Amino acid sequence: MLKALKDIPGVPQYVEHCLVEVEPGKVDDTQMYRQKIYNSTQGVYRTHVRLVLKPRARPLHEFRTKKELVKALRDIVLIEEHQVLHRDCSLNNSMIEDTEDGSRGALIDWEFAARITSDDMYSAGGTGTIPFMSISALRAMGKLNYQYSQGMRSVKELKLATDHSTPQKMPQIKHTYHDDLESMFYVFGWICIMFKGPMGEERCLEDVVDRDPDKMEMWLPERWHGTPGEVTQKAEAKHFFFLGDSMKACIGEQFAPYFQKLVPLAEEW
């Protein structure tokens, strides 16, 4: 995929790679153990590879000014104008490249990227990082989890899956540009709440004393974060967040003082 996206601004350029060996002459590949574990999937094999990419970049949360942060977010959003979906827009995958004339936003980890298709349907493997997944993606994964649990109810079926791991065809879910755009909103909100300001200075939420105890709600990143078994609950938590005036109240209260001027941008997103 990186070779296919060559020369697109904001996408790292492939330089070289090497295959990781578990022993001399034996490449680390999931085919060696994929069919020996619970809930294996058909046709989804991964080879352990180390990549050399350029240019060097810094994490998005190490921005230098509010202007640089907003510009980097815009740059990342515009990458997908090239008819490609990243499908895992998250804090750790969002970067800033320093250029000769300033800087620009970038995305790394294109392992699950896909060219945009006419039906917007893609493999459910690699749908994102839970705190940053869109509501629709979380709901789709929750539905798949439920269908799987209903299809594996008996002890006999569970034992069969565990002992023999009959390959299962990887299901597909719908994923669009809007899902990645929503993911970048959560990245933006996460930075404005979890960091004090520029250069990655983290904020200790337990030490925040200027919140009204009578109106105090759970921090948004805590609401968004969860396990794979909680995707449905997290989808509903995000859905509730966008209802009525809940979003404006939460953002205004929870954004760090440094980011208060960006509250209108978050409200309009």
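Refer to the structure above for everything that follows.
Each value, and the rule that gives it
Residues numbered from 1 in each chain as written. Predicted model: local features only at pLDDT ≥ 70, side-chain atom pairs only at ≥ 80, totals over all residues. Heavy atoms only, no water. Helix = DSSP H or I, 4+ residues; strand = E, 2+ residues; numbered from the N terminus. Contact = heavy atoms within 4.5 Å. Areas by Shrake-Rupley, 256 points an atom, 1.4 Å probe, with all protein chains shown as cover. Expected span 1.5 Å × (residues − 1). Buried < 20%, exposed > 50% of the residue type's maximum accessible area, 1.4 Å probe, protein only. Polar contact = N/O pair within 3.5 Å; in protein donor to acceptor, adjacent residues only side chain to side chain. Pairing = 2+ DSSP bridges. Core = buried A, V, L, I, M, F, W, Y, C linked by side-chain atoms within 4.5 Å. Domains from an automatic or database assignment. Arc of directions from axis to C-beta.

A.B. asks: Quick rundown of the overall build of the protein? Include the residues and the values.
C.D. replies: If you tally the helices and strands in the protein, you get eight helices and 13 strands. Put simply, of all contacts in the protein between residues at least 6 apart along the chain, 72% involve residues at least 24 apart. Entry remark: accessible area of the protein is about 15300 Å², with carbon and sulfur atoms responsible for 54%.

A.B. asks: Requested: an account of helix 4 (residues 177-194), with residues and values cited.
C.D. replies: The α-helix winds at 3.6 residues per turn, so residues separated by three or four positions along the chain end up facing the same way. Along its 18 residues, helix 4 runs 26 Å from first to last C-alpha, staying within 8% of the 26 Å computed at 1.5 Å per residue. In terms of residue burial, helix 4 counts as a mostly covered element, since 14 of its 18 residues are buried.

A.B. asks: Tell me about the environment of Asp180, and name the residues and values.
C.D. replies: For Asp180, the position within the fold is in helix 4. Apart from the residues lying within four places of it in its own chain, the contact partners of Asp180 are Glu80, Leu85, His86, Arg87, Cys89 and His175. Here His86 takes part through its backbone nitrogen, which lies 3.1 Å from a polar atom of the side chain of Asp180. Polar contacts involving the side chain of Asp180 include one to the side chain of His175, which spans 2.8 Å.

A.B. asks: Explain the pairing of strand 8 (residues 94-99) to me, and be specific about the residues and the numbers.
C.D. replies: Relative to strand 8, strand 6 (residues 57-59) runs antiparallel, the two sharing three bridges. In the sheet register, Ala57 faces strand 8, and the bridge partner there is Glu97. Strand direction decides the pairing type here: strand 8 and strand 9 (residues 102-107), joined by six bridges, are antiparallel. Bridged to Ile96 within strand 9 is Gly105.

A.B. asks: Give a detailed account of the nonpolar core, specifying residues and quantitative values.
C.D. replies: Residues Trp110, Ile191, Phe255 and Phe259 are the most contacted members of the largest nonpolar core, which totals 58 residues. Those elements that provide at least two residues to this core are helix 1 (66-79), helix 2 (135-151), helix 4, helix 5 (220-224), helix 6 (231-241), helix 7 (246-254) and helix 8 (263-268). Shared between two domains, this core holds at least three residues of each, these being domain 1 (1-54) and domain 2 (58-268). The contact partners of Phe255, leaving out residues within four places of it in the chain, are Phe188, Gly189, Cys192, Ile193, Arg203, Gln260, Leu262, Val263 and Ala266.

A.B. asks: Give me the lowdown on helix 6, citing residues and values where you can.
C.D. replies: By the burial criterion, the buried members of helix 6 are Val231, Lys234, Ala235, Lys238 and Phe241. Along the axis of helix 6, the buried residues cluster in a sector spanning 120°; they form a single face.

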